[in-house]
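Architecture at a glance
What follows is each chain in one-letter form.
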There are 2 protein chains.
Amino acid sequence: MSEVYAARRTRLREYCNAGGSAAALVSRPANVRYLAGAAPRGAVLLLGRTEEHDLLVSAVTAADRPTQERPDEALRVQTLPAVGGGDPAVAAAGFAAGQGADSLAVEEHHLTVARHRALGSVAPRLRLADLGNAVEQLRVVKDEEEISCLRIGAEIADQALGELLESILVGRTERHLALELERRLVDHGADGPAFPTSVGTGPNAGRPGHRPTDRRVEEGDFLSVCLGATYRGYRCEIGRTFVIGTAPADWQIELYNLVFAAQRAGRESLVPGAACRDVDRAARQVLDSAGYTEGLTVLTGHGVGLEIDEDPQLSPAAMGKLDACVPVTVEPGVHLPGRGGVRIDDTLVVRPEADGGPELLTITTKELLAL
Amino acid sequence: MSEVYAARRTRLREYCNAGGSAAALVSRPANVRYLAGAAPRGAVLLLGRTEEHDLLVSAVTAADRPTQERPDEALRVQTLPAVGGGDPAVAAAGFAAGQGADSLAVEEHHLTVARHRALGSVAPRLRLADLGNAVEQLRVVKDEEEISCLRIGAEIADQALGELLESILVGRTERHLALELERRLVDHGADGPAFPTSVGTGPNAGRPGHRPTDRRVEEGDFLSVCLGATYRGYRCEIGRTFVIGTAPADWQIELYNLVFAAQRAGRESLVPGAACRDVDRAARQVLDSAGYTEGLTVLTGHGVGLEIDEDPQLSPAAMGKLDACVPVTVEPGVHLPGRGGVRIDDTLVVRPEADGGPELLTITTKELLAL
């Protein structure tokens, strides 16, 4: 794996050099992990003039690191003393100055004003530039190793969800179902949940980002579930909506079919080269044309990877196009206040037509199941 | 409760006025919650010239808010459109300029460089000052309502831990035990865990911040557990170490007694007016004098409240003194690489001698139990 991280750092180095910065300081944890193979708490990556100048600056000793996450062995690691060692970012700016760098590109969207000022104080001759979202942009297109982690995570989430559906649901609270799902994720080998598991019943069903309450599942409810597994740092997402009881009501079938049609339209428009906003529009216009214009979420999907919410965004205002090997969610939904709603959410990888089109990672059925 | 939040805002307003700022922008979520009663995701609090100018600026509609968390009803709320509404902090700076403020104190330790710049662009005539840790400092001393939330949280954590000790432990993995504890926290009424539950067995026992692995509990192991409940936003912490099997080994008893003595020394030095570093030293010197100078953690304790790690810090370099009604943890520990270790952690409230001295919130026994 070591060459992978070195290659990523080389790409970033080329980007920085083209922008006129000899060195870069990466502080956002997911970005550090992407480039260094691990992100001990508070660690930053100093990207120097050459590979030999790269340095992971950490305040956490090897003994404190979880065994699963080891930094790239080809990378030098500088561990600051736990007591009095200070901020690794500030130390890294000092090292950059010591290496003779005259400018340092930093992640202004991550560094706080106070830390940025401390950097300036420790190395007053260093010109601080903005690295912007350069690392986030490198992260958008995944390699097959990364996709394989996402695929395993999706399998785990499918298993956890499948087992829940086999158990008795009526009478159990949203909180309990969410905890049970999270336990099953870990049982099946996840590092942990990819985000707080959402379970909504009755009027709470289909509410985006709903936090589980003590409401119990009742006959006739919609039940919506959104969960994901983290596997080797990679996070996926699946969302499904079910009906509790023997037969769904007509309004439930109608709403479900509508959201299903919207979600399918979104999935089918995932082709390399498609504009992100067109994917959003494909899903959104199905809901729009049925009169559900209010209360729709900002996004109908988003990238996933080392974070659960990455670029690209699938939204009306999104810029840019999809590339092959970009994993995204497609997750339109409708929520009717007081009645509940439906949300259907898959993680897929954009693939060219010649490779069979979008690869569905979350394969739990999207039929309307009555449980 | 509304008067509580208004009184907190008044104190902050007085502080700002004394510092020459007519308005302040609070963006750190725990600080927003402290002053506004709730912190919808991404919301910021604009503190104006008078109470009537105060404004909670949110990008999340009421329907998206969990039912438990309602902002102070006396506070005006400005909800930005979900699509295209932009950053609430930037909008708030615009409102401050519109209210005629000429300077705005911001939380430079929380705002990123990029957001700070956006604030400056939207309101170029507004002088941006630094609010520093003003709100964090207001939060240090708790009122009895806050302490009551911590007390309930501690009871919940005690219950969850007590139930675990009655179950069979040998053969179960660290991950399972951690998940089981978190489920029990929620069963007993917690909003959720206060932080990721740590369970360490055998060589992992006593490692600070240890993340649970698939290692199974074995006869003769040390087992250390650290957990906490969040109750109405307030977070407490308890840590205990046990021995698995019928009789602890001599080295285990010796190490346990040592850490127990250190922890007791720390607890007993919790009096109003005590220097934070003296509390740290009281605990640390017990371990030091037994030869455990290496591998000790930076802190032997810290404040708790709306965040699990607040001021004050109990460390060798800490400044400041303890006040009455400040809840802190006392949590020394020793970890011997390859063998395991002991950590004992309580949450207590500093109280004057006349009120009976420090109030212990986490009451699970600290005898060395063999399970």
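- Taking an unreviewed UniProt entry as the reference, chain A is identified by name as Xaa-Pro aminopeptidase belonging to Streptomyces luteogriseus.

A word on the packing of helix H1 (residues 2-18) of chain A against helix H2 (residues 29-36) of chain A
Residues and elements named next belong to chain A.
- At a minimum axis distance of 7 Å, the contact between H1 and H2 shows a crossing angle of 115 degrees. Contact with H1, carried on its side by Tyr5, Arg8, Arg9 and Leu12, involves Arg33, Tyr34, Leu35 and Ala36 of H2 and no other residues of that element.
- Its residues placed into classes, the contact of H1 with H2 shows 5 nonpolar, no polar and 3 charged.

A few points about the packing of helix H7 (residues 174-187) of chain A against helix H7 (residues 174-187) of chain B
- It is the contact of H7(A) with H7(B), at a shortest axis distance of 11 Å, that shows an interaxial angle of 175 degrees. In terms of orientation, H7(A) lies roughly antiparallel with respect to H7(B). Facing A:Arg175, A:His176, A:Leu179, A:Glu182, A:Arg183, A:Val186 and A:Asp187 of H7(A), the residues of H7(B) in contact are B:Arg175, B:His176, B:Leu179, B:Glu182, B:Arg183, B:Val186 and B:Asp187.
- A per-class count over the contact of H7(A) with H7(B) returns 4 nonpolar, 2 polar and 8 charged.

Digging into the sheet that holds strand S4 (residues 76-79) of chain B
All names here are of chain B.
- An order of S4-S3-S2-S1-S5-S6 is seen for the 6 strands of this open sheet, with the pairing classed as mixed. A strand with exactly one partner marks an edge of an open sheet, and here the two such strands are S4 and strand S6 (127-130). Across the sheet, the mean angle separating the axes of adjacent strands is 25 degrees when strand polarity is ignored.
- Alignment of strand S1 (residues 23-26) against strand S2 (residues 44-47), held across 3 bridges, turns out to be antiparallel. Looking across to S2, one finds that leucine 25 is bridged to leucine 46.
- Against the sheet, helix H2 (residues 29-36) contacts S1, S2 and strand S3 (55-58), and its axis sits at roughly 55 degrees relative to S2.

A closer look at the domain arrangement of chain A
Residues and elements named next belong to chain A.
- In terms of domains, chain A is made up of domain 1 (2-139) and domain 2 (141-360).
- When each unit is reduced to the centre of its C-alpha atoms, the spacing between domain 1 and domain 2 is 34 Å.
- Across the contact, 9 residues belong to domain 1 and 11 residues belong to domain 2.
- Between domain 1 and domain 2 lies a buried interface of about 770 Å² when both sides are counted; carbon and sulfur atoms form 34% of it.
- With a shortest N-O distance of 2.6 Å, glutamate 310 and arginine 139 are connected by a salt bridge.

Observations regarding the pattern of salt bridges
Residues and elements named next belong to chain A.
- Summed over all chains, the structure comprises 60 salt bridges over all chains.
- A salt bridge links arginine 8 to glutamate 146, with the nearest nitrogen and oxygen atoms 3.7 Å apart. Here arginine 8, found in helix H1, pairs with glutamate 146, found in helix H6 (residues 144-165); they are 138 residues apart in sequence, far enough to count as distant.
- Classification of arginine 8 as buried rests on a relative accessible area of 8%.
- Classification of glutamate 146 as buried rests on a relative accessible area of 4%.
- Arginine 183 is paired through a salt bridge with glutamate 180; the nearest N and O atoms lie 3.9 Å apart. Here arginine 183 and its partner glutamate 180 are both found in helix H7, 3 residues apart, which amounts to about one turn of the helix.
- Residue classification places glutamate 180 among the buried positions, given a relative accessible area of 14%.

A few points about the environment of A:Gly162
All names here are of chain A.
- Structurally, glycine 162 is set in helix H6.
- For glycine 162, a relative accessible area of 25% gives the class partly exposed.
- Counting along the chain gives 21 residues from glycine 162 to arginine 183, while the straight-line C-alpha distance between them is 13 Å.

Let's talk about the packing of aromatic side chains
Residue and element names in this part refer to chain B.
- Per the stated rule, a full pass over the model turns up 2 aromatic pairs over all chains.
- A centroid spacing of 5.5 Å and a plane angle of 85 degrees characterise the contact between phenylalanine 222 and tryptophan 251, whose relative ring orientation is edge-to-face. Placement of phenylalanine 222 in strand S9 (residues 222-227) and of tryptophan 251 in helix H8 (residues 250-268) is noted, with a sequence separation of 29 residues between them.
- Since its relative accessible area comes to 29%, tryptophan 251 is described here as partly exposed.

Section: the state of the cysteines
Residues and elements named next belong to chain A.
- On inspection of all chains with the given rule, the structure shows 0 disulfides over all chains.
- Here cysteine 226 is not disulfide-linked; the sulfur of cysteine 236 is the nearest cysteine sulfur, at 10.0 Å.
- Accessibility expressed as a relative area gives 14% for cysteine 226, which makes it buried.

Quick notes on H8(B)
- Taking 1.5 Å as the rise per residue, H8(B) with 19 residues should run 27 Å; its terminal C-alpha atoms sit 27 Å apart, in good agreement.
- Where H8(B) is concerned, the buried positions are B:Gln252, B:Leu255, B:Tyr256, B:Leu258, B:Val259, B:Ala262, B:Gln263, B:Gly266 and B:Arg267.

Overview of the side chain of A:Gln252
Residue and element names in this part refer to chain A.
- With respect to the helices, strands and loops of the structure, glutamine 252 is situated in helix H8 (residues 250-268).
- For glutamine 252, a relative accessible area of 3% corresponds to the buried category.
- Within the structure, glutamine 252 has its side chain in polar contact with the backbone nitrogen of alanine 249 (distance 2.9 Å).

Conventions and cut-offs
Residues numbered from 1 in each chain as written. Chains lettered and ligands numbered in written order. Predicted model: local features only at pLDDT ≥ 70, side-chain atom pairs only at ≥ 80, totals over all residues. Heavy atoms only, no water. Axes fitted to C-alpha atoms, helices over the stretch in contact; angles between N-to-C directions. Helix = DSSP H or I, 4+ residues; strand = E, 2+ residues; numbered from the N terminus. Contact = heavy atoms within 4.5 Å. Nonpolar A, V, L, I, M, F, W, Y, C, P; charged D, E, K, R; others polar. Parallel < 35°, antiparallel > 145°, perpendicular 65-115°, else oblique. Pairing = 2+ DSSP bridges. Domains from an automatic or database assignment. Buried area = accessible area lost by both parts, 1.4 Å probe. Salt bridge = Lys/Arg side-chain N within 4 Å of Asp/Glu carboxyl O. Buried < 20%, exposed > 50% of the residue type's maximum accessible area, 1.4 Å probe, protein only. Phe/Tyr/Trp six-rings, centres within 6.5 Å; stacked < 30°, edge-to-face > 60°. Disulfide = S-S within 2.5 Å. Expected span 1.5 Å × (residues − 1). Polar contact = N/O pair within 3.5 Å; in protein donor to acceptor, adjacent residues only side chain to side chain.

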